[in-house]
Amino acid sequence: MTTALEAAPPVTRGLIEITDVRKSFGPVEVLKGISLTVEPGGVAVIVGPSGSGKSTLLRTINHLEKVDGGYIAIDGQLVGYEVRGQRLHELREKDILRQRTEVGMVFQNFNLFPHLTALENVIEAPIVAQRRSKADARARGLELLDRVGLKDRAGAYPRQLSGGQQQRVAIARALALDPKILLFDEPTSALDPELVNEVLDVIRELATSGTTLVIVTHEMGFARDVADTVVFMDQGQIVEHGTPQQIFTSPREERTRSFFSKVIEPAFNI
Amino acid sequence: MAWSLATNPRWEWGVVAQWFTAQSIVNGLVETLKLTAIAGVLGFVLGFVLALMRLSASPLLVSVSWTFSWIFRSTPLLVQMLLWYNLGYLYEKISLGIPFTDVRFFEAQTTTLISQFAAAVLGLTLNQAAYSAEIIRGGILSVDQGQLEAAAALGIPAWRRSTRIVLPQAMRAILPTAFNEIIGLVKGTSIVYVLAYSELFYTVQVIYNRTQQVLPLLLVATLWYVVITSVLSVFQYYIERHYSKGAVRTLPLTPLQRARKYLSLHAPANRTPKEGTR
C-alpha cells in the first residue's frame, strides 16, 4: 500500500490515506472498500471506465461526498469526521469548510462563477475563507493568473474566455488557497482537442511543485508522463495500481489489459 | 380608438387635467407609492428568507415555509386584509409575555395596534412574501448545482454562497417575474380601499362620489398607474442589464448610448472625413 516515490525534494505535507472507503447511492454501491495511499507531493492518476467510481472517490477526498464506511485522512487528520468516544462523528460545517481550504478542486465543467471576472473568481475564496486582505489576495491572484498564462485576461468574464482559458482560471482559483492537495476531475474532458494541451501543460508544471495531485483522466499519454502512481478502477474497486511503466506495459490483471486495449490506439507507442 | 379618446367630449379631459395634480390626488398617490415600497421591500425580503427555508435541509423550516405559502396563496387577499383589520374583534388584546404566568412585557388593545395602515401593510406584505418566495426559489433552482459545489469546495461559507454566488445568478431568472409582481402590487394596492385607506384609488372614489365625474377621475387614477408602471419598466431595463454582466459577452447598449451612437454616425460633421482622403 505504499507508493515508490523517486528521490525528490523532501515534501512533508499532503499525505492522503484512504482506508476501506465505501459509498452507496441508493441500492448501488459505487465504492466497494477502496484503500489507497498517496505520498506527500505524489501524483496519482486514476483511470478506468465510466461509472467505475473514480469521480466519486475523488469527491470523498474533500468531503463533497460523505462516505458510508471507512475513512480518509490527510496528514493524519480525518477528513469530514472526528473521533469522539469510540465513534466517528461528522464535523461541524465550519470545520469542514476549513479542511476544504487545504484541498483544491478542478472540475470537468470548470464551474467558474460566470458573473465574476477571472480575477474575482480567483480571489473570492482567499478573502472569504482565509480572511486575507483584498490587496494581498489581488496581488497573489494576478501572480497565479500569470502562472497559468492569463494575466492579461484578469478582467474578462468566463464566457469571454475559451474553454482552455476557463479551465486555467479554474486551476488558478484552486491554487489561490495554497492547498496541500489538488484534485482534478477529468479536467480536459469538456475541452476541444486542440485546447487540451494548454491545460495539461499547466498541470504538468504543477506535478513538480510539491503539491500532491490526484487526477482522474482519460488522457492516457498524459497519465504516463505525469503520474508516479497509476490507479486502475473498475466497478467501485481498485483493480490494480503501480508505476505507469508497470500498469501500461505489463498489467497483472486481465481487466486492466482489456481496458487499455480499448482506450489506447494501436499506434500509441508506450 | 385613439381618435375617440382625444375627441369624444365625454372623456372630459378638462376635468382630468384639473384633478391630475390636485393636492388630494397627490396625497393618495404618495400613499400608494408608500404602500408599494414598504410591502414590496418587506415582501421580497421575507420571501427570500422563506425561499432559503424551503430549500434548506431542515424538515421543520421546509414545512414552516410551505405552510406559510399555502395559507397566504390559498386565501383571497381581500379576506386577509379584512381579517387583519378586524383582528380586534377576534382578539381584543395583544400581549407579549411568559405563557401561564402573569408576566407581561407588552400589552395593547388590538384596535389601537392595528390601524388601517398597519392592516394594509400586513396584508400586502405577507401576501407578497408568499408569492415572491416561490419566484426567488425558482430563480435559485435555475442556478447550476456545480456553482454551489465549486463554492463549497473552495470553503466559502453557506450564507456567502447564497448571497455572493447563487443569488446574483438567480437574479436573471427572478427579475422579470419580480417586476411583474411589483407592477401588480402597484395596482394591487388599490384593494386597500376596502379599509377606507386613502390611497390613490380610494381618493378617486371619494371624489367622484361627490362630483359624479366618474370616468374622468378613473382616468386620472389610470394615468398615474401608467406613469408609475412606466418608470418601473425603465428601472427594470437597467437592473436586468446590470445582472446580465458575465451572462452575455457584450452588454446591450443603454438607450442613451444608442442615441449617442446614432447621432455620432449621422452627424454631418462625422460624415465628411470618411469620404475625405487623408
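Analysis parameters
Residues numbered from 1 in each chain as written. Chains lettered and ligands numbered in written order. Predicted model: local features only at pLDDT ≥ 70, side-chain atom pairs only at ≥ 80, totals over all residues. pLDDT = per-residue confidence, 0-100. Contact = placed C-beta atoms within 7 Å. Axes fitted to C-alpha atoms, helices over the stretch in contact; angles between N-to-C directions. Helix = DSSP H or I, 4+ residues; strand = E, 2+ residues; numbered from the N terminus. Parallel < 35°, antiparallel > 145°, perpendicular 65-115°, else oblique. Left-handed = near helix turned anticlockwise from the far one by under 90°. Pairing = 2+ DSSP bridges. Nonpolar A, V, L, I, M, F, W, Y, C, P; charged D, E, K, R; others polar. Buried ≥ 20, exposed ≤ 12 C-beta atoms within 10 Å, placed from the backbone. Core = buried A, V, L, I, M, F, W, Y, C linked by C-beta atoms within 7 Å.

Trainee: Help me out: how do you make sense of the confidence of the model for chain A in this one?
Mentor: Note: predicted coordinates in regions of low pLDDT should not be interpreted at a detailed level. Confidence in the prediction of chain A, expressed as mean pLDDT, is 90, and 94% of residues score 70 or more. Note on residues 1-5 of chain A: pLDDT is under 50 here. Beyond four places in sequence and across chains, it has 13 contacts.

Trainee: Any chance you could explain the packing of helix 3 (residues 23-55) of chain B against helix 4 (residues 59-74) of chain B here in plain terms?
Mentor: Angle between the axes and distance between the axes: these two values describe a pair of packed helices. Residues and elements named next belong to chain B. In contact at an axis separation of 7 Å, helix 3 and helix 4 are set at 130° when each is read in the N-to-C sense. Viewed along their axes, helix 3 and helix 4 adopt a mutual orientation that is oblique. Taken as a pair, helix 3 and helix 4 cross one another with a handedness that is left-handed. Each of Leu50, Met53 and Arg54 in helix 3 lies in contact with helix 4, whose residues at this interface are Leu61, Val62, Val64, Ser65, Trp66, Phe68 and Ser69.

Trainee: Explain the sheet that holds strand 10 (residues 212-216) of chain A to me, please; I cannot follow it from the model alone.
Mentor: Backbone-to-backbone hydrogen bonds join strands into a sheet, with any given pair of strands oriented parallel or antiparallel. Residues and elements named next belong to chain A. Reading across the sheet, the 6 strands line up as 8-9-10-3-11-12 and stay open at both edges, with mixed pairing between neighbours. Only two strands of the sheet have a single partner each, and these edge strands are strand 8 (103-106) and strand 12 (237-242). The mean angle between the axes of side-by-side strands here comes to 15°, regardless of whether they run parallel or antiparallel.

Trainee: Please explain the interface of chain A and chain B as it appears in this structure.
Mentor: Reports often express the size of an interface as the amount of accessible area lost when the parts come together. Contact residues are listed per partner, giving 24 residues for chain A and 19 residues for chain B. Mapped by element, the contributors of at least two residues to the side of chain A that touches chain B are helix 2 (93-100) and helix 3 (118-129) of chain A. Taken together, the residues that form the side of chain A that touches chain B break down as 13 nonpolar, 6 polar and 5 charged.

Trainee: What's the story with unusual backbone geometry in this structure? I'm lost.
Mentor: In terms of backbone geometry, most residues other than glycine have negative phi values and most peptide bonds are trans. Residue and element names in this part refer to chain A. The backbone of Phe110 sits at a positive phi, close to 65°, despite the residue not being glycine. Assignment of secondary structure puts Phe110 in the loop between strand 8 and helix 3. Phi at Arg131 takes a positive value of approximately 55°, unusual for a residue other than glycine. When you line up the elements, Arg131 lands in the loop between helix 3 and helix 4 (134-147). Owing to 8 C-beta atoms within 10 Å, Arg131 belongs among the exposed residues under this scheme.

Trainee: How should I be thinking about the environment of Val226 of chain B in this particular structure?
Mentor: All names here are of chain B. Within the element layout of this structure, Val226 appears in helix 12 (residues 214-243). Val226 gets classed as exposed once you count the C-beta atoms within 10 Å, which come to 10. Between the C-alpha atoms of Val226 and Gln257, which are 31 residues apart in sequence, the distance is 26 Å.

Trainee: Looking at this model, I keep getting lost on the nonpolar core. Mind explaining?
Mentor: Judged by nonpolar contacts, the single largest core of 128 residues is most densely connected at Val45, Ile46, Val122, Ala172, Leu183 and Val214 of chain A together with Ala120 of chain B. The element contributing the most residues to this core is helix 8 (residues 116-141) of chain B, with 11 residues. Look past the residues within four positions of Ala120 of chain B in its chain and what remains in contact with it is Leu35, Met81, Val192, Leu195 and Tyr197 of chain B.

Trainee: How do you make sense of the pairing of strand 2 (residues 104-109) of chain B when you look at a structure like this?
Mentor: Look at any regular strand and the pattern is simple: side chains alternate between the two faces of the sheet. Residues and elements named next belong to chain B. Little of strand 2 sits out of view: just 0 of its 6 residues are buried. Relative to strand 2, strand 1 (residues 93-97) runs antiparallel, the two being bridged by 5 bridges. Its bridge partner lying in strand 2, Gly97 is registered against Arg104. Between strand 1 and the antiparallel strand that follows it, strand 2, lie 6 residues; Phe100 among them carries a positive phi value of about 65°.

Trainee: Can you walk me through the confidence of the model for chain B in this structure?
Mentor: Residues and elements named next belong to chain B. Averaged over chain B, the pLDDT score is 87; the fraction of residues at 70 or greater is 96%. Between the elements of chain B, mean pLDDT differs from a low of 51, seen in helix 14 (residues 268-275), to a high of 95, seen in helix 4. For the stretch residues 272-278, pLDDT sits under 50, and the model shows 0 contacts to residues farther than four places along the chain or on other chains. Per the prediction output, this complex has pTM 0.79; the corresponding ipTM is 0.86.

Trainee: Looking at this model, I keep getting lost on the packing of helix 9 (residues 145-153) of chain B against helix 10 (residues 158-188) of chain B. Mind explaining?
Mentor: All names here are of chain B. Where helix 9 meets helix 10, the axes come as close as 11 Å, and the angle between the chain directions of the two elements is 155°. With respect to helix 10, the axis of helix 9 lies roughly antiparallel. The two elements helix 9 and helix 10 cross, and the hand of that crossing is right-handed. Contacts between helix 9 and helix 10 pair Gln147, Leu148, Ala151 and Ala152 from the former with Arg161, Ile165, Val166 and Gln169 from the latter. Of the residues in the contact of helix 9 with helix 10, the class split is 5 nonpolar, 2 polar and 1 charged.

Trainee: Whenever I open this one, helix 9 of chain B confuses me. Can you help?
Mentor: All of the buried residues along helix 9 of chain B are Ala150, Ala151, Ala152 and Ala153 of chain B. Packing partners of the buried residues in helix 9 of chain B comprise helix 2 and strand 8 of chain A together with helix 10 of chain B. A positive backbone phi angle near 80° is found at Gly155 of chain B, which sits one or two residues after helix 9 of chain B.

Trainee: I would appreciate a short explanation of the pairing of strand 2 (residues 28-38) of chain A in the present structure.
Mentor: Residues and elements named next belong to chain A. When strand 1 (residues 16-25) meets strand 2, the two strands line up antiparallel, connected through 8 bridges. When the bridges of strand 2 are listed, Val21 appears paired with Ile34. As consecutive antiparallel partners, strand 1 and strand 2 are separated by 2 residues, and within that stretch Gly26 has a phi angle of approximately 60°, a positive value.

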